[in-house]
Amino acid sequence: MYGYSTANEAHEAQQSKAIAAVEQTLRKHYQQQLTTANESVAQLRQQKAALAKTATELERRIAHVSRPDCVINNGFVGLYNRAIGADLPTDSIAPGADRTPSATQTADSSKYDTTVSDVNQQDILRHVIEYGERCQAVETQLIQLIEFEEKMNESRRAP
């Protein structure tokens with residue numbers, strides 16, 4: 001009996017040490033992942049702030065580069081909306097589906113509507129600044145996500 005209890009105690013001590021070592025390794029790994037995630041979030045916030053600052057600076061210039069006598073027609077606005085996909089109903093398109101226009105949309109967009117629109121150069125510039133900022137933010141987010149995943153995969157491979 002004495003030999004069994006001594007062996008059992010030794011085995012339990014060995015298991016406790018092994019569990020403690022695994023816990024320490026997991027904590028270290030978790031801390032590395034947390035640090036990587038926090039760094040990624042900080043970089044993303046910094047990049048988004050820089051994009052917002054650039055957009056604000058660009059918006060300040062709008063009045064200096066636009067002309068009130070520049071006429072924008074509805075055909076231009078329709079073509080602009082078509083180019084950015086703003087004229088397509090999003091609820092009827094499955095995610096990831098090809099946004100090929102229907103025959104009706106193609107026929108409608110081929111008409112040259114030269115009636116004067118209430119949209120002006122400043123409106124277009126404001127939209128393009130906001131749209132550009134949004135596109136750049138999405139791109140930045142995607143790049144950050146890819147880099148984060150790569151770092152996470154590297155840390156999983158590390159002993």
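Everything that follows concerns the structure shown earlier in this document.
Residues numbered from 1 in each chain as written. Predicted model: local features only at pLDDT ≥ 70, side-chain atom pairs only at ≥ 80, totals over all residues. Heavy atoms only, no water.

A. Summary view of the overall build of the protein. Check the secondary structure of the protein and you find four helices and zero strands. Taken from N to C terminus, the helices and strands of the protein fall in the order α-α-α-α. For the protein, the proportion of its 159 residues judged to be buried stands at 13%. Within the protein, residue pairs in contact and separated by at least 24 positions form 85% of the contacts whose partners lie at least 6 positions apart. (Helix = DSSP H or I, 4+ residues; strand = E, 2+ residues; numbered from the N terminus. Buried < 20%, exposed > 50% of the residue type's maximum accessible area, 1.4 Å probe, protein only. Contact = heavy atoms within 4.5 Å.)

B. Region of the structure containing helix 4 (residues 121-157). With 37 residues, helix 4 ought to run about 54 Å at 1.5 Å a step, and its terminal C-alpha atoms sit 54 Å apart, in line with that. Those residues of helix 4 lying buried are Ile-124, Ile-129, Gly-132, Ala-137, Thr-140, Gln-144, Phe-148, Met-152 and Ser-155. Looking at the buried residues of helix 4, the elements they touch are helix 1 (2-65) and helix 2 (74-84). Between the side-chain oxygen of the N-cap and the backbone nitrogen of Gln-122 there are 2.9 Å, and the N-cap of helix 4 in question is Asn-120. (Expected span 1.5 Å × (residues − 1). Polar contact = N/O pair within 3.5 Å; in protein donor to acceptor, adjacent residues only side chain to side chain.)

C. Just the environment of Phe-76, in detail. Tracing the chain through its elements places Phe-76 in helix 2. A sequence separation of 37 residues divides Phe-76 from Asp-113, and the C-alpha atoms of the two residues are 8.0 Å apart.

D. Inspection of the pattern of salt bridges at higher detail. Tallied over the entire structure, the rule returns two salt bridges. Note that Arg-67 is salt-bridged to Asp-69, the shortest N-O span being 2.6 Å. Between Arg-126 and Asp-123 there is a salt bridge, and its shortest N-O distance comes to 3.7 Å. With Arg-126 and Asp-123 both in helix 4, this residue pair falls three residues apart, about one helical turn. Owing to a relative accessible area of 35%, Arg-126 belongs among the partly exposed residues under this scheme. (Salt bridge = Lys/Arg side-chain N within 4 Å of Asp/Glu carboxyl O.)

E. A look at the packing of aromatic side chains. Within the structure shown, the criterion is met by one aromatic pair. Aromatic pair Phe-76 and Tyr-80: ring centres 6.4 Å apart, planes at 25°, arrangement stacked. Separated by four residues within a single helix, Phe-76 and Tyr-80 lie in helix 2, roughly one turn from each other. Classification of Phe-76 as partly exposed rests on a relative accessible area of 40%. (Phe/Tyr/Trp six-rings, centres within 6.5 Å; stacked < 30°, edge-to-face > 60°.)

F. Expanded view of the environment of Ile-84. Here Ile-84 is to be found in helix 2. When its relative accessible area of 24% is taken as the criterion, Ile-84 is described as partly exposed. Placed 47 residues apart in sequence, Ile-84 and Tyr-131 show a C-alpha to C-alpha distance of 9.3 Å. Ile-84 has contacts with His-127 and Tyr-131, leaving out every residue within four places of it along the chain.

G. Quick peek at the packing of helix 2 against helix 4. Two numbers describe how helix 2 lies on helix 4: the axes approach to 13 Å, and their chain directions differ by 5°. When the interaxial angle is binned, helix 2 and helix 4 end up roughly parallel. Contacts between helix 2 and helix 4 involve Phe-76, Tyr-80 and Ile-84 from the first element and Ile-124, His-127, Val-128 and Tyr-131 from the second. Tallied by class, residues from the contact of helix 2 with helix 4 come to six nonpolar, one polar and no charged. (Axes fitted to C-alpha atoms, helices over the stretch in contact; angles between N-to-C directions. Parallel < 35°, antiparallel > 145°, perpendicular 65-115°, else oblique. Nonpolar A, V, L, I, M, F, W, Y, C, P; charged D, E, K, R; others polar.)

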